[in-house]
Each structure stands twice: as C-alpha cells, then as structure tokens.
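# Remarks on the overall topology
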Amino acid sequence: MKRLSILHRILARGPALLACTLLVACASAPRPAPVRSLLRDADYPAPFAVDPPQRIFALSDAMRRYADTELRARMRQGDPRRALIRALYDRGQLRLSYDGGRTRNAAEAYAARAGNCLSLVIMSAAFARHLGLPVSYRRVEVDDQYSRSGGLLVAAGHVNLVLDRLPSRPMFDADLQQDLTVDFLPAEDLRGERSTALPESTVVAMYYNNRAAEALAAGHRARSYRWARAAVLQRPDYAPAINTLAVVYLRDGRLGAAEAALRAALDLDPANAGALSNLVQTLQREGRVDAARAYARRLAAVQPLQPYASFEAGRQAMAQGDFARARDLFERELRLQPDQSEVHYWLAQALWRLGDRRDAVRHLALAADNSTTPGSRDLYTAKLEHLKALHLQ
C-alpha cells in the first residue's frame, strides 16, 4: 500500500513542485529549522481544532469490540501477531481496500474499511498497541509515484508497519523472535528495497501533512495552514511539512514568507525537489530571474525528468489529432511512472484512435487496476466494459 508523500505542483504556473506529505525522517537528524519564525498565525485564524496525536491512533468502540472478541480469540493459538496480520489481509475478515482519496485516522479507516497507506498503517498500529503488540515504522526506499489533485502534483512514497519480536516468549520459539512486516504492496514490488526506521512522531507529522495537502487541493488554505503548522511543530526537522507551509503562502501571494520557508526546507534537505521547484517559481514571481535560473539548474540535477511533462505534451498532441505522437509521449511517461492510471487511460484513447483495439483495452484495464480511489476505479472499469463491447463487434 502506498503511503502518501505529497509533492505539489501548481500546474497553471509552470513546473513548480509543491511538496507536502510523508516523505522522510532524515537518517541523521539535521539541525531543526526555527519553524516558529516561519509561522503566520495572524493571517490564518484557526477554523477548527487539529486532531491531537492520541486521537489519531484512538480506537472507536466498534474497533475495541472487534479487537477484544474476534482478534483476541484468534490470538490464543500460536503467534498473536499473525492473528492480526491475517485479519488485515484476509478478504473474509476486515475486507480492507485501498482508497487514496483522503487520509483517515484509525477509527475512520476502520469504519470505512479503506484508506491510503498511511491510514491503514495507523489503524493497524492502533490495533496492535491495544492488543499489547510492540510496533515500529519503516520508510521504504521506493521511487515516488505522482498523481494530480486540485491543480497540485502529488507524489506518493511508501511506509509500512513492523510488528516487533516478542521478547517475553520462549527463546526456543524462533518464529516469535522475528519481526513481521505489515505491508499492503505486493511482496514482489518491495523485494530488495531498503528501508529506514521512522519514529512515531514523524508518522504523526506525516498524517498532519497529508491532511494539509488534501485541504490545499480542495482550496481550503486556512485549514491547510493549520494542518501544516501542526506538522512542523510536531517535527521541526520534517522538510516536506515546511514546504507545505510555503505552498500555502505561495498560493496566497505571500512571496517573502514562501521564500523563507523554502530556504528552511532546503537547509534540512538540499535535494528536496519540491522545495527547489517551488523556490524557482517564487523567485520568478519576485522578478529575480538569475537566481531562479540557478535553482532551476539545481532542480534539473536532482530531477532530470519532470513528472507529467511528457503526459501534458501527449495531451496536446491528442488535441491536434497527432495520435501516433501522443502514443509515443504517453509511453515515455509510463517509463517514468509505470503505475500511473491517468496516463494508461490516455494511452488507451490514443491507441484506440490508431486502431490498436487490443492494446487499448489492455491499457484501460491497467488504468482501472492502478487507480487509487473508488470513483476513478469505477469510471475506468465502466469505460473498459464499453471498449470491450466495441472490440467484440
């Protein structure tokens, strides 16, 4: 399952990446940024109360009943951690599904039986803790995958949960002395990937930052500010959250505040593509062309291939009726992000116009398989059935 690490781009204003969500807790902790000096509370009155950390992991009454009856009954035999894992994976039990639409706390994810990667990790950790099982968190070093929402470019990374070994069990029981990983991505997708430990405070900051990104995509800047503020106060060394603050400021035209936040983010993470791209955009809007070019060169070194650049060129080719060029551009984009459902969908359209009905159906099926929300999944599936019907005619 993919944990949201959100990078944003204001698409109408060029290639600025606006980073927001759960990327990285740095392996060697850098000097925390003076984040309070970056805040602008007077400009963003609190419209609501941000969830305190304990509420993020709190069990609902329904969760507690399920844990104390179903799960504890299954835990009486063998490894109790495996009982929880079976409940999470077995389609006959919790029946969880992936939904990248928004980030949920533990109780919300349980009620919906769905969530993005971070939501499902939080729900799983809440169950484990209630059952007395030790947990830890890992960030998996996989390439970010991009999507778009509300005029923002969103990059998703990955985080998982580890059910730690049970030291109180007999030492001769080797199985109980092994860590067990809870992960919602197929094992073959993660084989050989490195991972690094995450403290729970970073997971909380990721949750806040996801909520900030989602609020920003929906056009709620004051709400986004409050979630981002909570994230940077939770982890002052978490560069993506500081960058989220900058995105809010940038959208409100507060260029000085945006620049200060972006420079603080880059002090913590000099290779942060989102912060670099946002700073290029900020400097351009300030009229500082030479400085913008210098940071654009740094960005090109960090991220030589810009996500969605080939995709947008492909859409232009489609509008011009050049379907062969559109096909080639969409295929190039898929080499950069092979699981991108939107690109598969547009490639299917180009292939259909070129008369390649079999591959058009195949790519529309891939669009449905890789979609991250029930709405887009239903849309692609309906179009797939329509194309299949036409293909058979």
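Residues numbered from 1 in each chain as written. Predicted model: local features only at pLDDT ≥ 70, side-chain atom pairs only at ≥ 80, totals over all residues. Heavy atoms only, no water.

### Here's the deal with the overall build of the chain
Selection criterion: A run of DSSP states H or I qualifies as a helix once it reaches four residues; a run of E qualifies as a strand once it reaches two. Both are numbered from the N-terminal end. The rule is simple: take the accessible area with a 1.4 Å probe, protein chains only, and divide by the maximum for that residue type; under 20% is buried, over 50% is exposed, in between is partly exposed. Note on definitions: a residue-residue contact is assigned when non-hydrogen atoms from the two residues lie within 4.5 Å. Using a 1.4 Å probe, the Shrake-Rupley method yields the accessible areas, and only the shown protein chains count as cover for residues.
Looking only at helices and strands, the chain has 17 helices and nine strands in total. A burial count over the chain gives 51% of its 393 residues as buried. Sequence separation of at least 24 residues holds for 67% of the intrachain contacts in the chain that already meet a minimum separation of 6. By element, 49% of the accessible surface of the chain is carried by carbon and sulfur atoms, the whole surface being about 17,500 Å².

### Some details on helix α11 (residues 273-285)
Spelled out, the test is: Helices are assigned an expected span. That span is 1.5 Å times one less than the residue count. Two N or O atoms form a polar contact when they lie within 3.5 Å of each other; inside protein one atom must be a possible hydrogen donor and the other a possible acceptor, and for residues adjacent in sequence the pair counts only when both atoms belong to side chains.
Along its 13 residues, α11 runs 18 Å from first to last C-alpha, staying within 8% of the 18 Å computed at 1.5 Å per residue. Within α11, 11 of the 13 residues are buried, leaving the element largely enclosed by the surrounding structure. Every buried residue of α11 is accounted for by Ala273, Gly274, Ala275, Leu276, Ser277, Asn278, Leu279, Val280, Gln281, Thr282 and Leu283. A side-chain oxygen of the first residue of α11 lies 3.1 Å from the backbone nitrogen of Gly274; this N-cap is Asn272. At the C-terminal side of α11, Gly287 shows a positive phi close to 80°.

### Some details on the side chain of Arg235
You can see Arg235 is positioned in the loop between α8 (221-234) and α9 (239-251). We classify Arg235 as buried; its relative accessible area is 18%. Ignoring sequence-local partners within four residues, the contact set of Arg235 consists of Pro199, Ser201, Thr202 and Ala205.

### Section: the environment of Thr69
Checked against the element boundaries, Thr69 lands in helix α2 (residues 61-75). Reaching out from Thr69, the side chain makes a polar contact with the backbone oxygen of Arg65 at a distance of 2.5 Å.

### As for the confidence of the model for the chain
Selection criterion: Known as pLDDT, the predictor's per-residue confidence is scaled from 0 to 100.
For the chain, mean pLDDT is 83; residues scoring 70 or higher make up 85% of the total. Predicted confidence for residues 1-30 stays below pLDDT 50, and this span has 151 contacts to residues more than four positions away or in other chains.

### So, the side chain of Ser371
Mapped onto the elements, Ser371 comes out in the loop between α16 (357-370) and α17 (374-392). A polar contact is formed between the side chain of Ser371 and the backbone oxygen of Ala368, at a distance of 2.9 Å. Beyond its immediate chain neighbours, meaning those up to four positions away, Ser371 contacts Ser341, Ser376, Arg377 and Tyr380.

### Overview of the pattern of salt bridges
The condition is simple: We define a salt bridge as a contact between a side-chain nitrogen of Lys or Arg and a carboxyl oxygen of Asp or Glu at a distance within 4 Å.
Taken as a whole and assessed by the stated rule, the structure comprises 19 salt bridges. Of the charged contacts in the structure, one is a salt bridge between Arg254 and Asp43, with a shortest N-O distance of 3.5 Å. Of the two residues, Arg254 is situated in the loop between α9 and α10 (255-268) and Asp43 in the loop between β3 (17-19) and α1 (53-56); the sequence distance between them amounts to 211 residues. Assessed through its relative accessible area of 30%, Arg254 is described here as partly exposed. With relative accessibility at 36%, the residue Asp43 sits in the partly exposed group. Ionic pairing is found between Asp328 and Arg327, a salt bridge with its closest N-O pair at 3.1 Å. For Asp328, a relative accessible area of 38% puts it in the partly exposed group. Salt bridges linked by common partners bring Glu259, Arg263, Glu286 and Arg288 together as one network.

### Quick notes on the packing of aromatic side chains
Spelled out, the test is: Between the rings of Phe, Tyr and Trp (Trp by its six-membered ring), a pair exists once the centres lie within 6.5 Å; its type follows the angle of the planes, with under 30 degrees stacked, over 60 edge-to-face, and the other angles tilted. We count a charge as sitting over a ring when the NZ of a lysine or the CZ of an arginine lies within 6 Å of the ring centre and within 35 degrees of the ring normal.
Enumeration according to the criterion identifies 15 aromatic pairs in this entry. Where Tyr44 meets Tyr249, the ring centres are 6.2 Å apart and the plane angle is 35°; that geometry is what we call tilted. Linking Tyr44 in the loop between β3 and α1 with Tyr249 in helix α9, this pair joins segments that are 205 residues apart in sequence. For the pair shown, Tyr44 and Tyr249 are each scored as buried. A network of ring pairs unites the aromatic residues Tyr308, Phe311, Phe330, Tyr345 and Trp346 as a single cluster. Against the face of Phe57 rests Arg129, its NZ or CZ located 5.4 Å from the ring centre. The ring of Phe48 carries Arg223 above its face, with NZ or CZ at 4.5 Å from the centroid.

### Details of the nonpolar core
Taken as a class, soluble globular proteins show a tendency for nonpolar side chains to be buried jointly. As a reminder, the rule being used: Each nonpolar core is a collection of buried residues, namely Ala, Val, Leu, Ile, Met, Phe, Trp, Tyr and Cys, held together in the definition by side-chain atoms within 4.5 Å.
Ranked by size, the top nonpolar core spans 88 residues in total, and within it Leu94, Met123, Phe127, Tyr137, Leu163 and Ile242 carry the most contacts. In terms of residue count, the dominant contributor to this core is helix α5 (residues 117-130) (10 residues). Residues Leu153, Tyr308, Trp346 and Leu364 belong to the second largest nonpolar core, which totals 26 residues.

### Concerning the packing of α8 against α9
Worth spelling out the cut-off: For every element, the axis is a line fit to its C-alpha atoms; helices are fit only across the contacting stretch, and the angle between N-to-C directions ranges from 0 to 180 degrees. For classification purposes, an angle smaller than 35 degrees is called roughly parallel, one larger than 145 roughly antiparallel, one from 65 to 115 roughly perpendicular, and anything else oblique. Working rule for handedness: look at the near helix, and if it is turned counterclockwise from the far one by less than a right angle, call the crossing left-handed; if clockwise, right-handed. Note that Gly is not counted as nonpolar here; it falls among the polar residues with everything else outside the nonpolar set of Ala, Val, Leu, Ile, Met, Phe, Trp, Tyr, Cys and Pro and the charged set of Asp, Glu, Lys and Arg.
Between α8 and α9, whose axes approach to 8 Å, the crossing angle comes to 155°. Accordingly, the angle class assigned to the pair α8 and α9 is roughly antiparallel. Considering only the axes of α8 and α9, their crossing is left-handed. Mapping the contact onto sequence places Arg221, Ser224, Tyr225, Ala228, Arg229, Ala231 and Val232 in α8 and Ala241, Ile242, Thr244, Leu245, Val248, Tyr249 and Arg251 in α9. The residue inventory of the contact of α8 with α9, partitioned by class, reads nine nonpolar, two polar and three charged.

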